[in-house]
Structure formats: C-alpha cells, structure tokens
Amino acid sequence: MEHTSPHAHEFTVVDSELLQESPILAMRRDTVTMPGGSQASREVVEHFGAVAVVALNERDEVAVVKQYRHAVRRRLLELPAGLLDVAGEDELTGAKRELVEEAGLEAASWSVLVDLVTSPGFAEEAVRVFLARELREVPRPPAEEEEADMALTWMPLEQAREAVLRGEIVNSIAIAGVLAASEVQAGRATPRSADAPFELRPTSLAKRRVAAGITPDMKRI
C-alpha cells in the first residue's frame, strides 16, 4: 500500500474574492483545494505587517507605552510599534520611524529579537520585533488622533517580564518582545542581524495599493 506524506498536499488557491477594503486592512475569501480533493473557503484578513521595538536603556529599562485599543475597550501596556504602511519602506526604517514618533528616541544599535504571526487562523498580520540599544532622546513629531493620548514610561526589563506573567501585559507583540529580550539579557539567546530577511511580511494588501497608485501612504484610500 502506498502511503502519502501528511505534508505532501499543496493547498492551491483556485479562486479569490475581495470582500472588504478599509484603510489599514482588507478581507478576501480564497477557495482552496483540500487534501481529500474537495474545495473549501477561507476568509483572510489582509494586513500591511508591522514592527515593534524593545528599546533598552543603560539601566536595562524598557520603553513602554500605554495606548487605548478600542477592540478590547481598554488601555494596554505595549511596545512602541506601528504598521509597515509606507510604500517601499523596509522593516528597520519603519522601526526607527516608529521609535521616534511614539517614544522620542533614536538608537545606535539595532538587532532582530523575534518574528511572530499574531492570528494565523484568519489574518496575514506578521510582526518583526527589534531590540534597540544605545539610546538618545530626540524631539517627537506632533501626535495624531489616539496617539495623543499615549503615555510613555520606563519599566525595568525584569519587572516587565513579571508583568507578562501576572497578566498585566497582554498585548501579544509586547509579550513576545519582553520575553525574548529577557533571554538575550540573561545570555541565553543571541539576537539576529537587523537586516535579516523578514520572509513572513505580508505583501498582498501592499501590492494592490501600490498597483492602484496609493503611495507613499498606503492607507489613503
């Protein structure tokens, strides 16, 4: 009897329909071939991808922002972060921009801590979390909309790790970044080069916006 590897099937998309378009995301429905020969529909939330920054000062304190998130109706402790919504912008440039905009900081040392997909069951969103060290303060540009309500504070990295385990830091990107940075600072892990390939970065939404001439700010629809 011939046995087929459980990972041999190619999940081919035979049809795709755009269901909804909005400034920061879109939704499509793909028709995909299943291993038994049937077809199934899968709804996918398209996303630009994002970056976040664990900014550590010389006292091993991490820059943390408190930001209102309407989906959960509360303010969350998070890392400085933002969308990769500028056409043609690489991840490191995006991270540097967000660190200035949200924390008023620049860094001389950059490396990659971790990449993560936040909700792979239905969304394309992938996030690269950087480690930034050798910091200096710079002027922040004027805040827009809800960012004007953000508060920046410094938290000892060990205290941030404990806050994760107590359920006080619940943002998944912040959790991943804080725990990864704790491993690096403890000498149990080594961060990657800041220009390491980000193979998980979503492309479908950005390609469609660029093809439609929506640049450089791909949210302007």
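Keep in mind it's a predicted model, so treat the numbers as computed, not measured.

Conventions and cut-offs
Residues numbered from 1 in each chain as written. Predicted model: local features only at pLDDT ≥ 70, side-chain atom pairs only at ≥ 80, totals over all residues. Heavy atoms only, no water. Axes fitted to C-alpha atoms, helices over the stretch in contact; angles between N-to-C directions. Helix = DSSP H or I, 4+ residues; strand = E, 2+ residues; numbered from the N terminus. Parallel < 35°, antiparallel > 145°, perpendicular 65-115°, else oblique. Left-handed = near helix turned anticlockwise from the far one by under 90°. Contact = heavy atoms within 4.5 Å. Nonpolar A, V, L, I, M, F, W, Y, C, P; charged D, E, K, R; others polar. Buried < 20%, exposed > 50% of the residue type's maximum accessible area, 1.4 Å probe, protein only. Pairing = 2+ DSSP bridges.

1. Regarding the packing of helix α2 (residues 157-165) against helix α3 (residues 172-185)
- At a minimum axis separation of 9 Å, α2 and α3 run at an interaxial angle of 135°. Considered as vectors, α2 and α3 are oriented oblique to each other. Every pair of crossing elements has a handedness; the one defined by α2 and α3 is left-handed. Here Leu157, Ala160, Arg161 and Val164 of α2 lie close against α3, whose contacting residues are Ile175, Val178, Leu179, Ala181, Ser182 and Gln185.
- Counted by class, the contact of α2 with α3 contains seven nonpolar, two polar and one charged residues.

2. Observations regarding the pairing of strand β4 (residues 50-55)
- Across the six residues that make up β4, a large majority, six, are buried.
- A two-sided burial pattern is seen for β4, the buried positions comprising Ala50, Ala52 and Val54 on one face and Val51, Val53 and Ala55 on the other.
- Examined bridge by bridge, β4 and strand β7 (residues 81-83) share three bridges and lie antiparallel to one another. Within the sheet, the bridge partner assigned to Ala52 lies in β7 and is Ala81.
- The pairing of β4 with strand β9 (residues 126-137) spans six bridges and is parallel. What sits directly across from Val51, in β9, is Arg128.

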